[in-house]
Amino acid sequence: MENDMEKINCPLCDNTFVNFFSNKKNYKLYKCQKCKLLFVYPLPISLDVYDKTYFSGADKGFGYVDYDLDKQPMIPVFKKYLEIISSLGIKKGKLLDVGCATGFFMNIAKDFGFEVYGVEMSDFAAQKGRDAGLNIITGPLEGSNYPDSHFDVITMCDVLEHVSSPKDVLAEAKRILKKGGVLMVNTPDSESLWSRLFGSRWHLILPPEHLHYFSPFTLNYYLSNHGFKTMINTKIGKLFTFQYIFIMLYKWQGLKIWQTMSSFFSKGYFSRFFIPINLYDNFFMILKKTDEQ
Ligand SMILES: [Zn+2]
């Protein structure tokens, strides 16, 4: 435990019972004792990490090697997300993908029958999607100015951990979602076995990329007090290329061997293979908006 003269409030529930959790790189992590949110404090001053290199190259030691290629194995996973949404009786209407990058998930949702929209912080990725004919706004969700009660579905796949204020993002999502519409979230689970085993060495503790770490408890606790009802709470595995797995190992452990392996697997025969992984350290939740506004 560290002594901090400064009083720290939980950025989600505003509670003051906040404990020091650990240091990671030059960042400090704290945990709220009420909603269990794990968060970086203070936040990095510049969040300018989502430029071109984030989506191609992973030069800074994080991000994607090649976004569209890395996402190929996710097609069946994204289809499963949409099947779960339609199992709740929502099969068409307006769907907004927050943090849509180049529009990979949007295209799959469009084929499913949804009218798709996207917002994306990286203008490089957003422009790539717009060039392909998709309706994507560059910027944060809070600045996108969609009308009240506009969407049937809002999706956030691996987004909530990245944003500087999840509270503001969730409030804006609620404002533009119709009553009876659903919010779909996939994000790292800070209460998972891996997280508890590894503490700050858990491979998903990645500041300045990941700033807020939820658990199913945290998201349900917060949103059930803010006009939502949890419909689905589960864990869905992902599919990864060998190249991506080795890059992740490199980022986690910093051993050069993983980087070498990654570039070996990026070429030829092996580049077309991907393997399913479910470490049960991400959770998938669908919540229905029950409030009128
Ligand atoms: Zn809290």
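Predicted model only: the values in this text are computed from it and were never measured. (Residues numbered from 1 in each chain as written. Predicted model: local features only at pLDDT ≥ 70, side-chain atom pairs only at ≥ 80, totals over all residues. Heavy atoms only, no water.)

A look at the environment of Leu177
Link 1 in the chain: Within the secondary structure layout, Leu177 lies in strand β8 (residues 177-188).
Link 2 in the chain: Considering only alpha carbons, one finds Leu177 and Asp148, 29 residues apart in sequence, at a separation of 7.0 Å.
Link 3 in the chain: Not counting the four nearest positions on each side in its chain, Leu177 is found in contact with Ser149, His150, Phe151, Asp152, Val153, Ile154, Val182, Leu183, Phe228 and Lys289. (Helix = DSSP H or I, 4+ residues; strand = E, 2+ residues; numbered from the N terminus. Contact = heavy atoms within 4.5 Å.)

Looking at the side chain of Ser200
Link 1 in the chain: By the element assignment, Ser200 lies in the loop between α7 (193-198) and β9 (212-213).
Link 2 in the chain: We classify Ser200 as buried; its relative accessible area is 19%.
Link 3 in the chain: Apart from residues lying up to four places away in sequence, Ser200 is in contact with Phe21, Ser22, Asn23, Lys24 and Ile205. (Buried < 20%, exposed > 50% of the residue type's maximum accessible area, 1.4 Å probe, protein only.)

A closer look at the pairing of strand β4 (residues 93-98)
Link 1 in the chain: When β4 meets strand β5 (residues 114-120), the two strands line up parallel, connected through 6 bridges. The residue of β5 that forms the bridge with Leu96 is Tyr117.
Link 2 in the chain: Two elements, β4 and strand β7 (residues 151-157), share 3 bridges in a ladder whose sense is parallel. The residue bridging Leu96 from the neighbouring strand is Ile154, located in β7. (Pairing = 2+ DSSP bridges.)

Focus on the sheet that holds strand β2 (residues 27-32)
Whether parallel or antiparallel, the strands of a sheet pair through hydrogen bonds between backbone atoms.
Link 1 in the chain: Read from one edge of the open sheet, 4 strands run β1-β2-β3-β9, paired in antiparallel fashion. The two strands at the open ends of the sheet, each matched to only one other strand, are β1 (18-24) and β9.
Link 2 in the chain: The sheet contact formed by strand β3 (residues 38-40) and β9 spans 2 bridges and is antiparallel. Residue pairing across strands places Phe39 opposite His212, the latter belonging to β9.

Focus: the confidence of the model for the chain
Link 1 in the chain: Scored by pLDDT, the chain has a mean of 86; 84% of the residues are at 70 or more.
Link 2 in the chain: By mean pLDDT, helix α1 (residues 52-55) is the weakest element of the chain at 60, and β4 is the strongest at 98.
Link 3 in the chain: Scored below 50 in pLDDT, residues 57-62 shows 16 contacts in the model against residues more than four places distant or in partner chains. (pLDDT = per-residue confidence, 0-100.)

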